[in-house]
Amino acid sequence: MRLRHLLSAATGFLVAATTVVAVAPSAQAAEWVPKTPPLSTPWTAQVSPTNALPEYPRPQLVRTEWQNLNGVWEFAGASSINNPPVGQTLPEGVLVPYPIESALSGIQRHEDNMFYRRTFTVPSTWNGRRVKLNFGAVTWETRVWVNGTQVGTHTGGFDAFSFDITNALRAGSNEIIVGAYSPIDGNRFPIGKQRRNPSGIWYTASSGIWQTVWLEPVAANHITRLDTTPDVPAGVLDLVVAGSAGQQVRAEVLSGGTVVGSATGATGGHLRIPVPNARLWSPSDPFLYDLRVTMGTDVVTGYFGMRSLGKAVVGGVMRPLLNGKFVFQLGTLDQGFWPDGIYTAPTDAALRFDLERQKALGFNMVRKHIKVEPARWFYWADRLGLMVWQDMPSLDAVDDTSAASHVNFEAELGRIVNQLKGITSIVQWVPFNEGWGEYDNARIVDLVRGIDSTRLINHNSGSNCCVSDPSPTNGDVIDDHAYQMSGGTRTPDATRIAVLGEYGGLGRRVVGHEWQPGAGFAYGDLFPEENSLTTRYVTITSEVARFAQTRGLSASVYTEPYDLENEVNGFYTYDRQVLKMTAARVLAVNQRVLAAAAGTSVNQGELTSLRVTTPGFTNRYLRHQDSLGRTDVDNGSDVLKQDATYWVRPGLASATCVSFESRNLPGRYLRHAASRIRVDASDGTSGFSADATFCPRSGSGAAALESFNNPGAFVRHFNEAVYLARSGGSNPWDTATSFAQDTTWAATIPLWRSGADLPRDQARSFRVTTPGFTDRHLRHRDGLARTDVVTSASDALTKADATFVVRRGLADPSCYSLESRNVAGAYLRHQAYRVRLSANENTDIYRRDATFCAQPGSGGVRLASLNELGTNVRHYSEEVWVSSNSGAHVYDNPTSYDQDVTWSVSAAWTP
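Q: Got a sec to walk through the overall build of the protein? Specific residues and values, please.
A: On a plain count of helices and strands, the protein comes out with 12 helices and 60 strands. Against the compact-globule benchmark of 29 Å for 911 residues, the protein has a radius of gyration of 32 Å, which places it among compact chains. Taken along the three principal axes of its C-alpha coordinates, the protein extends 110 × 70 × 45 Å. In the protein, which comprises 911 residues, the share counted as buried stands at 60%. Restricting the contact set of the protein to residue pairs at least 6 apart, pairs at least 24 apart contribute 65%.

Here's what the structure looks like:
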């Protein structure tokens, strides 16, 4: 045996190898040959053996002395990881920490079992201290040997772990071998969306080491974790220092290098560190404090943000809170894959880029989808100001999973939550997605809450979907997935907020930037170019803005920030080289969503209804009756719905504010006169214009309407009447009691959705208005809608086919359905975008497909589809479709779109 080498007489630590081995040549001599990825990112060529993620990997627990072990290791596949190749030179070179399936690793293939090997030397300055070997993450089972001695094992593919290797070290060169077992498929442990044979929504696996590996020296008594919980109401940081038991620690909070608060106490206890006049962290001001903690000779640094999380009824709706206020969470479905590094970003700059670009497009949140990122990703989310929903990687079985897999799932879930609960940006935990591997969901919610009770818990994102189990009563979130926004989302209840956990999935292939050319797919249509794709994004995201107040929606998650393998749903191509949408338009509509949710904007040019937000009265709407404004419960009557619907116009006195024109009394506006809100005809004077102009302000969860010419006075409901009120004024309606709630109005999708009128239960024909085609009419033939020339000389069948009876909308009474004049019980409906005639199937989808909302057109009437968002009935090459302007299809051509979707309602050819 080798003589034992005394590392430190002061501490008496003896280090011995238990197996006789020859010291192998440095594994750094192994050859790394990078492979060519299907796509290269702007950072691919920057990666080399000397700069493989050189940054300190753990920003929340930093020590100044450390040794990065990233770089070229020896590598070999194996039949198992039971017999480490001690003292043997392995045949290949792999670049750590890139997973072996990645091009950057130099391997670019999958192995179920594998060994990594290299040598290292412990700096002499570390003598007298313990040496930790740290792993950011390895998939899935890890065994580690140092100088032939097994120093530790770990199972779990997404959590960090460490081994104390001091007793296995020796003088000079040391050998390390890492064995990794990563079978991927099979339901025994969490793998997220990795698959051995990727296709569709399942992607390339990331096996073996995929995060940084490093060494650090620590004192015998040392710190292992800092659990930071800001307590904003108390003005303190609640800190629990994990580490050697029974040790005293000193913690200091710093701002700009200056200590602003400190506390001392024991490990495992709660240290309450004052943070006076705290500057609160938020997406608009992501300020972070520094943290320094000392335990004897062990000094570590970290950081945290002061912010509070919670939920409460705001504006009559259960909402999530950030720093005591409702902030709409506008996010993306960020899956964390790279074409060159798969699970591992090529560089830290690339990791930062993804988050910076999302913030630049107007997002304030990221849903980290079924993956856990390296610590530096969370650092950038904290630093840049993006809230994070953290998913738990799923078991790979879509439905039933085994009891053994549940043990692994819960163990890793617990470690992940514990490791990440000090991350400022995380605002929500998501244990399950669309029911994949879901089981015992109420118990899992309790398990997570037992570890971290400060954040909301979304038991299952997309619980309206797929293989989801029934929702438990102890979660905090109702989460729907509705990709094209064609239907409604569920509304919040007394204890749970409502969110749109996934929507969008709009696709566009970009030649030269495809994973597999021609194989790209999307969750919806594939769009041909930038304008049409952006237009559709604007259309569906505008509906998100409407849902914020109409349906109490508190968050949305767009799928997705970048393409992923053959999934071409991204704002960016998978290689991050091409932005596929127009950034300014994306930013503008995203800002509109946030403004609508905050109440600082009410969309001009649209119909809206104004709903009361005061708890106990949220079923009431502002309507006019006998010229006076009042609030009434929606009783379903046409008159009330029309009286409570208004066109939002640019403010008559200032276009930066708004005026509300009566839907059923054109030319009349809501205005204030002698403190009452009423509807009057505009007399064209500047005084009337000022009285009829209101400026949206952020109210109690929705819009407060401040008078343009009486600053500080707001539209308020009081005893069913509506006034211009000033808090604390001299009038009864000025009472300060519930003033903020009473002056807050939710601008909702209108109670009466049609902006133009059709003669109900009367026969009419619909003539084309496009110049050059005005002798053509909408008709049905052989079950399909088309346009044909119809004149007084046409035969009776043609005339009858071109005649429809206008009925109350089958799916919405404020819209219309068109029943065939000569085929009773058959209606025009669209199916796969084509308009056709078919008998009433008496299903929800049929009723929605056969319902159209009449809107003012270009010299006539548009027939807007109720459930194919943003489309109108259009004639195109004699055929009739529901079509969007600049959409994905040939019949969405923008040329003459306004004329083609405008119909002249004329006398029936067959009365």
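We are not done yet, so read on.
Q: Describe in detail the pattern of salt bridges, supporting the description with residues and values.
A: A complete count under the given rule lists 67 salt bridges for this structure. Between Asp 680 and Arg 671 there is a salt bridge, with the nearest N and O atoms lying 3.0 Å from each other. The same class applies to Asp 680 and to Arg 671, which are both buried. A single network of salt bridges, built from pairs that share partners, joins Arg 776, Arg 779, Arg 781, Arg 786, Asp 788, Asp 801 and Glu 878.

Q: Help me get a handle on unusual backbone geometry, residues and values and all.
A: Between Val 96 and Pro 97 the backbone carries a cis peptide bond, its omega angle lying at 20°. When you line up the elements, Pro 97 lands in the loop between strand E5 (92-96) and strand E6 (113-121). Between Thr 559 and Glu 560 the backbone carries a cis peptide bond, its omega angle lying at 10°. Backbone geometry at Asp 626 places phi at a positive 55°, although glycine is not the residue there.

Q: So, the state of the cysteines: which residues are in play, and what are the values?
A: With the rule as written, the count across this model stands at 3 disulfides. What pairs with Cys 465 in a disulfide is Cys 466, and their sulfur atoms sit 2.0 Å apart. Here the bonded cysteines of the protein are numbered in sequence order, and their pairing is 1-2, 3-4, 5-6.

Q: Lay out helix H1 (residues 348-360) in plain terms, naming residues and giving numbers.
A: Think of an α-helix as turning once every 3.6 residues; residues three or four places apart then point the same way. For H1, with 13 residues, the first-to-last C-alpha span of 18 Å sits near the 18 Å given by 1.5 Å per residue. Where H1 is concerned, the buried positions are Asp 348, Ala 350, Leu 351, Phe 353, Asp 354, Leu 355 and Gln 358. Lining the buried residues of H1 we find strand E27 (329-334), strand E28 (365-368) and helix H2 (375-384). One side-chain oxygen of the residue at the start of H1 lies 3.4 Å from the amide nitrogen of Ala 349, identifying that residue as Thr 347.

Q: Could you give an account of the sheet that holds strand E17 (residues 223-231), naming the residues involved and the relevant values?
A: Read from one edge of the open sheet, 3 strands run E17-E18-E21, paired in antiparallel fashion. Both edges of this open sheet fall to E17 and strand E21 (270-274), since each of them pairs with a single strand only. Pairwise comparison of adjacent strand axes, ignoring direction, gives a mean angle of 25° for this sheet. In terms of strand pairing, strand E18 (residues 236-243) meets E21 through 5 bridges, oriented antiparallel. Note on E21: the bridge partner recorded for Val 240 is His 270.

Q: Could you give an account of the nonpolar core, naming the residues involved and the relevant values?
A: Within the largest apolar cluster, 96 residues are counted, with the highest numbers of intra-cluster contacts made by Phe 328, Tyr 537 and Phe 571. For this core, the element with the most residues is helix H5 (residues 530-550), which contributes 8 residues. Leaving out residues up to four positions away in the same chain, Phe 328 has contacts with Asn 364, Val 544, Ala 548, Leu 553, Ser 554, Ala 555, Ser 556, Val 593, Leu 594 and Ala 597. Among the nonpolar cores identified, the runner-up in size contains 29 residues, and Val 144, Leu 169, Val 178 and Leu 215 belong to it.

Q: Can you tell me about the side chain of Ser 425, naming the residues and giving the values?
A: Tracing the backbone through its elements, the reader meets Ser 425 in the loop between helix H3 (403-420) and strand E30 (426-430). The contacts of Ser 425, once residues within four sequence positions are left out, are Trp 281, Phe 378, Ala 381, Asp 382, Leu 386, Met 387 and Val 388.

Q: Let's hear about the sheet that holds strand E16 (residues 213-218): which residues, and what values?
A: Read across the sheet, 4 strands follow the order E3-E16-E7-E11 without closing on themselves; strand pairing throughout is antiparallel. The two strands at the open ends of the sheet, each matched to only one other strand, are strand E3 (67-68) and strand E11 (161-164). Pairing of E3 with E16, which is carried by 2 bridges, proceeds in the antiparallel orientation. By the bridge assignment, Asn 68 is partnered in E16 with Trp 214.

Q: Any details on the packing of H5 against helix H6 (residues 583-598)? Residues and values, ideally.
A: Closest axis-to-axis distance for the H5/H6 pair is 8 Å, and the angle between their directions is 5°. Between H5 and H6, the angle is such that the two are roughly parallel. Between H5 and H6, the contacting residues are Asn 531, Thr 534, Thr 535, Tyr 537, Val 538, Thr 541, Ser 542, Val 544, Ala 545, Ala 548 and Gln 549 on the first element and Arg 585, Val 586, Val 589, Asn 590, Arg 592, Val 593, Ala 596 and Ala 597 on the second. In terms of residue class, the contact of H5 with H6 is built from 10 nonpolar, 7 polar and 2 charged.

Q: Got a sec to walk through the packing of aromatic side chains? Specific residues and values, please.
A: The final tally for this structure, using the stated rule, is 40 aromatic pairs. Ring centres of Phe 353 and Tyr 572 lie 5.7 Å apart, and the angle between their planes is 75°; on these two criteria the pair is classed as edge-to-face. With Phe 353 in helix H1 and Tyr 572 in the loop between strand E36 (553-559) and H6, this pair connects stretches of sequence that are 219 residues apart. Assigned by exposure class, Phe 353 and Tyr 572 land together as buried. Through a chain of ring-to-ring contacts, three or more aromatic side chains come together here, namely Phe 158, Tyr 203, Trp 210, Phe 337 and Tyr 343. The aromatic ring of Trp 338 is capped on one face by Arg 576, whose charged end is 3.7 Å from the ring centroid.

Criteria and thresholds
Residues numbered from 1 in each chain as written. Predicted model: local features only at pLDDT ≥ 70, side-chain atom pairs only at ≥ 80, totals over all residues. Heavy atoms only, no water. Helix = DSSP H or I, 4+ residues; strand = E, 2+ residues; numbered from the N terminus. Rg over C-alpha atoms; globule rule 2.2 N^0.38 Å. Buried < 20%, exposed > 50% of the residue type's maximum accessible area, 1.4 Å probe, protein only. Contact = heavy atoms within 4.5 Å. Salt bridge = Lys/Arg side-chain N within 4 Å of Asp/Glu carboxyl O. Disulfide = S-S within 2.5 Å. Expected span 1.5 Å × (residues − 1). Polar contact = N/O pair within 3.5 Å; in protein donor to acceptor, adjacent residues only side chain to side chain. Pairing = 2+ DSSP bridges. Axes fitted to C-alpha atoms, helices over the stretch in contact; angles between N-to-C directions. Core = buried A, V, L, I, M, F, W, Y, C linked by side-chain atoms within 4.5 Å. Parallel < 35°, antiparallel > 145°, perpendicular 65-115°, else oblique. Nonpolar A, V, L, I, M, F, W, Y, C, P; charged D, E, K, R; others polar. Phe/Tyr/Trp six-rings, centres within 6.5 Å; stacked < 30°, edge-to-face > 60°. Lys NZ or Arg CZ within 6 Å of the ring centre and 35° of its normal.

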